[in-house]
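Residues per chain are reported as follows:
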Amino acid sequence: MRDGGRIAGAIEIVDAVLNRHQPVKDALRDWGKAHRFAGSGDRAWMSGLVMDALRHRASSRVQMGQDTPRGLVLGALHRGWGLSAEAIAERLADDPHAPSALSEAELAALDAPSADLPLAAQAEIPDWLEPSFVRAFGGDAAAEGLAMATRAPVDLRVNTLKTDPEKAQAAVVAKLKDAALSELVANAIRIPGTDPRAKAPPADAIPAYGKGWVEVQDIGSQIAALAAGMIEGGQILDYCAGAGGKTLALAALSANSGQVHAWDYDWRRLRAIWPRLQRAGVRNVQVHDGKEDEALTALADKMDVVFIDAPCTGSGTWRRRPDSKWRLKPEALERRIAEQTEVLERASRYVRPGGRLVYVTCSILPEENEDRVAAFLESAPDFRAEPALGAMMETGLLTGEGEVQVGACAGRFDALQLTPARTGTDGFYICVMRRGEGG
Ligand SMILES: C[S@@+](CC[C@H](N)C(=O)[O-])C[C@H]1O[C@@H](n2cnc3c(N)ncnc32)[C@H](O)[C@@H]1O
């Protein structure tokens, strides 16, 4: 395919996402099925363009003066991929499968000097979230939002139950040559974000993945798991275990000793956990897939650490799922807040006196983070916040640079707010609380 036809395809896919509310993955797959002549290189190119059109929607609609799939794709080619109006016009003229030629108005919009954008457009976020962003980041709101509109790298966690970082890195590099050990965490590997036009590195297809030496996990998520602290031999409850990403990291942290209890209120979400536990060689996880009262009663007041990977808006993962940025509505945020309030209250019952409660979201919105912690601490006077960085340092897995960068993310309650701009990771909020000995 030539670029004109690919641009036409990208416009159709953005239309399916925004106007027919299809998830990006499904829209890309359906388009591929209906256009079998498109090769994998074509599909990767279009996928990159679709994702960038969604990432840069807010600024493109100001620049292009339209919020149409066509306007967003043209905006992404210009603002994201650096093509001039002439270069875009050439690609459209060059291919009978291309969309119609640029209109006078589009040419003028593309040629206009970069508009003086309102803050929400500079930050590439929906208007209604601007106050939350300003609350979270003050004068850095635009830069933080913009960093969330970039392409994310692929990160791997070395599974120390099966191998060590050097051996794993050598095995990964043999297949993915750019892979390098993380500067922040001792057992993390990063495969840098590649050209948006290229295919994402197939990390889950390499032999090291098949052997359970590595897991695909954002480094922010890996850092969040470290907040459980030194847990070897301990009793841990992963209260929102879902597909088990954190469970696996906690099992590795505990070196297969003690016990990690994995539970999720929606047992269907635990489906993926079984093969993952097996592949990773985990032996100390007990999955509880019953109703809470039946499954967890015996654990009340007994856990050394209760880990809450709370249901949230996922605003910290917009680099990977830019469509969710536009699907998020105030009502959904309200629902997540209600769930978070409930989860904190319920999960805290399992912490033993003197034990730890770790509250994590993959969100950057203060409403889901420090506001929830503030409300919880007010309702539960036997808990107090303690520095999340301190708990992480117990594991010995943060590097010197990791300690500096992660430590710089500390805020109210000594909790940490990681972001793409600050730590080059997804956005994660991590708060550690301790239950009083007499509590
Ligand atoms: C962020 S996901 C967990 C991801 C998982 N820990 C991982 O690393 O793969 C949040 C989970 O919380 C669960 N959840 C939502 N509301 C809940 C509630 N009221 N009580 C317990 N779990 C809940 C959801 O089913 C979902 O699996």
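Residues numbered from 1 in each chain as written. Predicted model: local features only at pLDDT ≥ 70, side-chain atom pairs only at ≥ 80, totals over all residues. Heavy atoms only, no water.

As for the site of the ligand
For step 1, the next point in the chain: Taken together, 17 residues lie around the ligand, and Cys240, Gly245, Lys246, Asp264 and Asp309 are the ones closest in.
For step 2, the next point in the chain: Between the ligand and Arg269, the relevant distance is 3.2 Å, taken from an oxygen atom to a side-chain nitrogen or oxygen of the residue.
For step 3, the next point in the chain: In the model, a nitrogen atom of the ligand is placed 2.7 Å from a nitrogen or oxygen of the Asp309 side chain.
For step 4, the next point in the chain: Calculation on the ligand without its partners gives an accessible area of 590 Å², and the protein chains cover 86% of this total.
For step 5, the next point in the chain: Taken together, the residues that form the shell around the ligand break down as nine nonpolar, three polar and five charged. (Near = heavy atom within 4 Å. Polar contact = N/O pair within 3.5 Å; in protein donor to acceptor, adjacent residues only side chain to side chain. Areas by Shrake-Rupley, 256 points an atom, 1.4 Å probe, with all protein chains shown as cover. Nonpolar A, V, L, I, M, F, W, Y, C, P; charged D, E, K, R; others polar.)

Thoughts on the packing of helix 4 (residues 57–64) against helix 5 (residues 69–80)
For step 1, the next point in the chain: Where helix 4 meets helix 5, the axes come as close as 9 Å, and the angle between the chain directions of the two elements is 100 degrees. When the interaxial angle is binned, helix 4 and helix 5 end up roughly perpendicular. Counting all contacts with helix 4, which are made through Arg57, Ser59, Ser60, Arg61, Gln63 and Met64, the residues of helix 5 involved are Gly71, Leu72, Leu74, Gly75, Ala76, His78 and Arg79.
For step 2, the next point in the chain: Broken down by class, the residue content of the contact of helix 4 with helix 5 amounts to four nonpolar, six polar and three charged. (Axes fitted to C-alpha atoms, helices over the stretch in contact; angles between N-to-C directions. Helix = DSSP H or I, 4+ residues; strand = E, 2+ residues; numbered from the N terminus. Parallel < 35°, antiparallel > 145°, perpendicular 65-115°, else oblique. Contact = heavy atoms within 4.5 Å.)

A few points about the UniProt feature "active site" (unreviewed entry) in the protein chain
For step 1, the next point in the chain: UniProt tags Cys362 as "active site" (unreviewed entry).
For step 2, the next point in the chain: Filtering out sequence-adjacent residues up to four positions away, Cys362 remains in contact with Cys312, Gly314, Ser315, Gly316, Thr317, Gly427 and Phe428. (UniProt positions renumbered as here; feature names shortened; annotations may be inferred.)

What to know about the domain arrangement of the protein chain
For step 1, the next point in the chain: Domain boundaries assigned for the protein chain yield domain 1 (3–114), domain 2 (154–216) and domain 3 (223–435).
For step 2, the next point in the chain: Every contact between the two is made by 18 residues of domain 2 and, on the other side, 23 residues of domain 3.
For step 3, the next point in the chain: Looking only at domain 2, the three residues that lose the most surface to domain 3 are Leu161, Leu184 and Glu215, adding up to 40% of its buried area.
For step 4, the next point in the chain: In this structure, the connection of domain 2 to domain 3 is made through two salt bridges.
For step 5, the next point in the chain: Here Arg276 and Glu215 are joined by a salt bridge, their closest N and O atoms 3.2 Å apart.
For step 6, the next point in the chain: In this assembly, domain 2 and domain 3 are joined by nine residue pairs in polar contact (both at pLDDT 80 or more).
For step 7, the next point in the chain: Counting only elements with at least two residues in the side of domain 2 that touches domain 3, the list comes to strand 1 (154–158), helix 12 (207–210) and strand 4 (214–216).
For step 8, the next point in the chain: In terms of residue class, the side of domain 2 that touches domain 3 is made up of six nonpolar, five polar and seven charged. (Domains from an automatic or database assignment. Buried area = accessible area lost by both parts, 1.4 Å probe. Salt bridge = Lys/Arg side-chain N within 4 Å of Asp/Glu carboxyl O.)

Let's talk about the environment of Leu389
For step 1, the next point in the chain: Checked against the element boundaries, Leu389 lands in helix 20 (residues 388–394).
For step 2, the next point in the chain: In the structure, Leu389 is positioned 25 residues away from Asp414 in sequence and 8.0 Å away in space, judged by C-alpha atoms.
For step 3, the next point in the chain: If we skip the residues at most four places from it in the chain, Leu389 touches Leu398, Glu403, Val406, Gly407 and Leu416.

Observations concerning the pattern of salt bridges
For step 1, the next point in the chain: Per the counting criterion, the structure on display carries 35 salt bridges.
For step 2, the next point in the chain: Where Asp52 meets Arg55, a salt bridge forms, and the shortest distance between an N and an O atom there is 2.8 Å. Of this pair, Asp52 and Arg55 both sit in helix 3 (residues 40–55), separated by three residues, roughly a single helical turn.
For step 3, the next point in the chain: Under the relative-accessibility criterion, Asp52 is labelled buried at 7%.
For step 4, the next point in the chain: Arg55 gets classed as buried once you look at its relative accessible area, which sits at 5%.
For step 5, the next point in the chain: A salt bridge links Arg336 to Glu339, with the shortest nitrogen-to-oxygen separation between them at 3.0 Å. (Buried < 20%, exposed > 50% of the residue type's maximum accessible area, 1.4 Å probe, protein only.)

Here's the deal with the pairing of strand 3 (residues 188–191)
For step 1, the next point in the chain: Pairing analysis gives four bridges linking strand 1 to strand 3, with the strands arranged antiparallel. Across the sheet, residue Asp155 finds its bridge partner in strand 3, namely Arg190.
For step 2, the next point in the chain: The pairing of strand 2 (residues 180–181) with strand 3 spans two bridges and is antiparallel. Each residue of the ladder has a partner; that of Leu181, found in strand 3, is Ile189.
For step 3, the next point in the chain: Here strand 2 hands over to strand 3 after six residues, the two strands then running antiparallel side by side. (Pairing = 2+ DSSP bridges.)

Details of the state of the cysteines
For step 1, the next point in the chain: Applying the stated criterion to the full structure yields zero disulfides.
For step 2, the next point in the chain: For the unlinked cysteine Cys240, the closest cysteine sulfur is that of Cys312, found at 10 Å.
For step 3, the next point in the chain: Note on Cys240: relative accessible area 14%, which makes it buried.
For step 4, the next point in the chain: Left unpaired, Cys431 is separated from the closest cysteine sulfur, that of Cys409, by 14 Å. (Disulfide = S-S within 2.5 Å.)

Digging into helix 3
Every α-helix carries 3.6 residues per turn, so stepping three or four residues along brings you back to the same face.
For step 1, the next point in the chain: When the terminal C-alpha atoms of helix 3 are compared, their 22 Å separation across 16 residues agrees well with the 22 Å that a helix rising 1.5 Å per residue should span.
For step 2, the next point in the chain: By the criterion of burial, helix 3 is predominantly enclosed, with twelve of the 16 residues buried. (Expected span 1.5 Å × (residues − 1).)

A look at the side chain of Asp42
For step 1, the next point in the chain: The residue Asp42 is located in helix 3 in this model.
For step 2, the next point in the chain: Taking the relative accessible area as the measure of exposure, Asp42 reaches 9% and is therefore buried.
For step 3, the next point in the chain: Not counting residues within four places of it along the chain, the set of residues in contact with Asp42 comprises Met1, Arg6 and Phe37.

Section: the nonpolar core
For step 1, the next point in the chain: One finds Ile223, Met392 and Ile430 to be the most contacted residues of the largest nonpolar core, which totals 43 residues.
For step 2, the next point in the chain: Each of two domains, domain 2 (154–216) and domain 3 (223–435), supplies a minimum of three residues to this core.
For step 3, the next point in the chain: Contacts of Met392, omitting those with residues within four sequence positions, involve Ile223, Leu226, Ala227, Leu398, Val406, Leu416 and Ile430. (Core = buried A, V, L, I, M, F, W, Y, C linked by side-chain atoms within 4.5 Å.)

What about the sheet that holds strand 1?
Consider a sheet: its strands pair through backbone hydrogen bonds, and that pairing is either parallel or antiparallel.
For step 1, the next point in the chain: If you walk across this open sheet you meet the four strands as 2-3-1-4, and the pairing is antiparallel. In the strand order of this sheet, the two ends are held by strand 2 and strand 4, each with one partner.
For step 2, the next point in the chain: Note: strand 1 against strand 4, three bridges, orientation antiparallel. Bridged to Arg157 within strand 4 is Glu215.

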